[in-house]
Amino acid sequence: MDESDLGISPTSTTAVETLVHKLSSVSEHTRTESLCELRLLSKYDPDTRPIIISAGAIPYISESLYSPSSISQENAAATLLNLSIHNRHPIMSTIGLLDALSHALRNPTSASAAQSTSALLFSLLMEDEYRPVIGSKRDIIYALVDLIRNGRSHPRSVKDALKALFGICLWKGNRGSVIELGAVPVLFSLVMKDGRVGIVEDVTAVIGQIAGCEQAWEEFGKVSGVGVLVDLLDLSTGCSDRIKENAVSGLLNLVEYGTEEVVESLRSLGPGLVHGISEVVKNGSVKGKSKAAALLKMLDGAAHCDHLDSSFQSFQSVSSS
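Residues numbered from 1 in each chain as written. Predicted model: local features only at pLDDT ≥ 70, side-chain atom pairs only at ≥ 80, totals over all residues. Heavy atoms only, no water.

Brief notes about the layout of surface pockets
(1) Moving on: Looking at the largest pocket, its volume works out to about 390 Å³.
(2) Moving on: Lining the largest pocket we find 18 residues, and of these Phe166, Ala205, Gln209, Asn246 and Lys291 sit closest to its centre.
(3) Moving on: Elements with a minimum of two residues in the lining of the largest pocket: α11 (155-169), α14 (197-210), α17 (241-257) and α20 (286-299).
(4) Moving on: Residue composition of the lining of the largest pocket, grouped by class: six nonpolar, six polar and six charged. (1 Å grid on protein atoms, 1.4 Å probe; cavity = no way out; pocket = protein on both sides within 12 Å on 5 of 7 lines; lining within 4 Å. Points joined across faces, edges and corners; volume = space filled by probe spheres on them. Helix = DSSP H or I, 4+ residues; strand = E, 2+ residues; numbered from the N terminus. Nonpolar A, V, L, I, M, F, W, Y, C, P; charged D, E, K, R; others polar.)

Listed below in structure tokens is the structure:
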């Protein structure tokens with residue numbers, strides 16, 4: 001589908017500014033109609049994005065996230081998502097934007113609204129400087145966790161919420177808050193009960209990140225999380241390479257942020273764990289191989305020296321090919 005299929009023609013600055021002006025109308029019908037047109041323009045005509053932003057549309061669009069109308073809320077979230085592709089700063093600098101996003105996440109009028117709001121969050125989290133700011137809004141984190149927890153949530157909404165959580169956890173200071181707000185049991189429950197490969201890949205990516213904080217070892221222990229990660233590395237489970245690499249990332253973070261007790265507990269799991277990590281050393285991505293090799297090195301101990309030496313030899317041969 002292209003612009004002509006939608007009846008969209010190259011749009012003048014004046015025409016866009018007129019649509020933005022209509023967002024301040026006292027007529028809800030006029031505001032909604034304008035918002036829908038701006039969504040289409042921002043999607044199919046990228047050149048209009050800076051015009052929409054400079055015309056002052058963002059505060060009005062942000063306010064529409066509070067709307068009880070599914071049409072208004074959906075189009076508001078989707079339009080902001082489209083605009084964020086061009087420039088995230090005007091969105092993040094809008095007063096009350098994060099409160100509006102939090103409301104839309106906690107009170108989505110439709111699956112599409114929840115999905116677009118989560119995707120917008122992930123887009124904003126692409127900027128390093130916004131991660132601590134967004135992560136400080138605990139109600140946003142809780143809303144994302146609740147969306148993932150809700151069995152009635154649409155799979156696309158769950159995936160986008162997981163991506164947003166991943167973005168939040170990229171800043172180390174946010175990981176403790178994500179754990180405190182109940183993410184760990186929710187995430188591991190999805191790993192155990194959800195058979196959709198794409199979902200499990202995204203879940204384990206988040207788990208791999210939140211493992212990198214001091215609270216993780218204790219919280220993972222409450223849900224047998226380490227055992228789950230180890231099982232994901234078992235060749236018999238048939239997990240994707242990405243899931244295995246995420247499991248390795250989680251275990252490596254647990255070791256790096258834990259105590260000697262963590263190392264000894266993992267060592268006690270025996271050669272099965274070493275074999276699983278070694279498979280990632282041999283067959284993983286460049287980053288996966290590096291993390292797996294680092295994990296093997298940190299677990300190096302007298303009881304497993306033979307297995308570990310063999311694994312390192314395999315890694316060296318692969319790296320030099």
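A closer look at the UniProt feature "domain: U-box" (unreviewed entry) in the protein chain
(1) Moving on: What UniProt calls "domain: U-box" (unreviewed entry) maps, in this numbering, to residues 16-300.
(2) Moving on: The distance from the first to the last C-alpha atom of residues 16-300 is 63 Å, and the span holds 76% helix and 0% strand. (UniProt positions renumbered as here; feature names shortened; annotations may be inferred.)

Some points on the packing of aromatic side chains
(1) Moving on: Counted by the stated rule, this structure contains one aromatic pair.
(2) Moving on: Ring geometry for Phe188 against Phe220: centres 5.1 Å apart, planes inclined by 80 degrees, an arrangement best described as edge-to-face. One end of the pair, Phe188, is in helix α13 (residues 183-193); the other, Phe220, is in helix α15 (residues 216-222), with 32 residues separating them in the sequence.
(3) Moving on: For Phe220, a relative accessible area of 0% translates into the label buried. (Phe/Tyr/Trp six-rings, centres within 6.5 Å; stacked < 30°, edge-to-face > 60°. Buried < 20%, exposed > 50% of the residue type's maximum accessible area, 1.4 Å probe, protein only.)

Things to note about the nonpolar core
(1) Moving on: Core analysis: the biggest nonpolar cluster contains 93 residues, and Ile134, Leu144, Ile210, Phe220 and Leu251 have the highest contact counts within it.
(2) Moving on: When neighbours within four sequence positions are excluded, Ile134 is seen to be in contact with Met92, Leu98, Leu121, Leu124, Leu125, Ile140 and Ile168. (Core = buried A, V, L, I, M, F, W, Y, C linked by side-chain atoms within 4.5 Å. Contact = heavy atoms within 4.5 Å.)

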